[in-house]
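# Examining the three-dimensional arrangement
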Amino acid sequence: MIMKQSTIPGNRRPHRAAVFGGLLFILAACESPEQIAARQEQFNGRSLEEVVAIIGPPTERTRSAAVWSFRETYVFHSPNTVLINNKLVTIGTTPHEGVRACTYRATLERGRVTASAYQGNGCARYAPRPPG
């Protein structure tokens, strides 16, 4: 963010300029709806052995379905801020526990994935970016 000195005499407090033209945020993780669909359907039509080679063995398996699932907890910290002399000052952090989980279900017919579905907030390991 660009900071400018105030032009008011005697006022030395900086203020934020309303100029954002030079700031561009490019998110590499952004994907189009088509790319998301391609990622979610990338195993459809593949053999179970091909899928296992990419994402590992399923946690459950029957003749007509395979299920991969995981759940993990992690700790993240949020800043504690206070207002001192009209400035926000961080005085520490508070730990919080978060959960990442995913279940990927593949419907199988003759050892091949015919349909699949993802459920969760951490499915990147079961839906890697397709090559190319």
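Here's a quick rundown of the structure. (Residues numbered from 1 in each chain as written. Predicted model: local features only at pLDDT ≥ 70, side-chain atom pairs only at ≥ 80, totals over all residues. Heavy atoms only, no water.)

## Describing the sheet that holds strand E5 (residues 87-109)
Pairing is antiparallel in the open sheet, where 4 strands are placed in the order E3-E4-E5-E6. Pairing within the sheet leaves two strands with one partner each, and these edge strands are strand E3 (60-61) and strand E6 (112-120). Bridge count between E5 and E6: 8 bridges; the pairing is antiparallel. Each residue of the ladder has a partner; that of Leu108, found in E6, is Val113. (Pairing = 2+ DSSP bridges. Helix = DSSP H or I, 4+ residues; strand = E, 2+ residues; numbered from the N terminus.)

## Quick look at the pattern of salt bridges
Within the structure shown, the criterion is met by 4 salt bridges. Arg112 serves as the salt-bridge partner of Glu50, at 3.8 Å between the closest nitrogen and oxygen. Note that Glu50 is positioned in helix H2 (residues 48-55) and Arg112 in strand E6, a separation of 62 residues in sequence. We note a salt bridge from Arg100 to Glu72, for which the minimum N-O separation is 3.2 Å. Within this pair, whereas Arg100 is found in strand E5, its partner Glu72 is found in strand E4 (residues 65-84), the two being separated by 28 residues in sequence. According to the relative accessible area criterion, Glu72 is partly exposed, its value standing at 29%. (Salt bridge = Lys/Arg side-chain N within 4 Å of Asp/Glu carboxyl O. Buried < 20%, exposed > 50% of the residue type's maximum accessible area, 1.4 Å probe, protein only.)

## Comments concerning the state of the cysteines
Put plainly, two cysteines are in a disulfide when a covalent bond ties their sulfur atoms together. Summed over the entire model, instances satisfying the criterion amount to 1 disulfide. One disulfide in the model links Cys102 with Cys123; its S-S distance is 2.0 Å. One quick way to see it: the torsion about the S-S bond of Cys102 and Cys123 is about 105°, and its sign makes the bridge right-handed. Highlighted residues: Cys102 in strand E5 and Cys123 in the segment after E6, separated in sequence by 21 residues. The class for Cys123 is buried, based on a relative accessible area of 14%. (Disulfide = S-S within 2.5 Å.)

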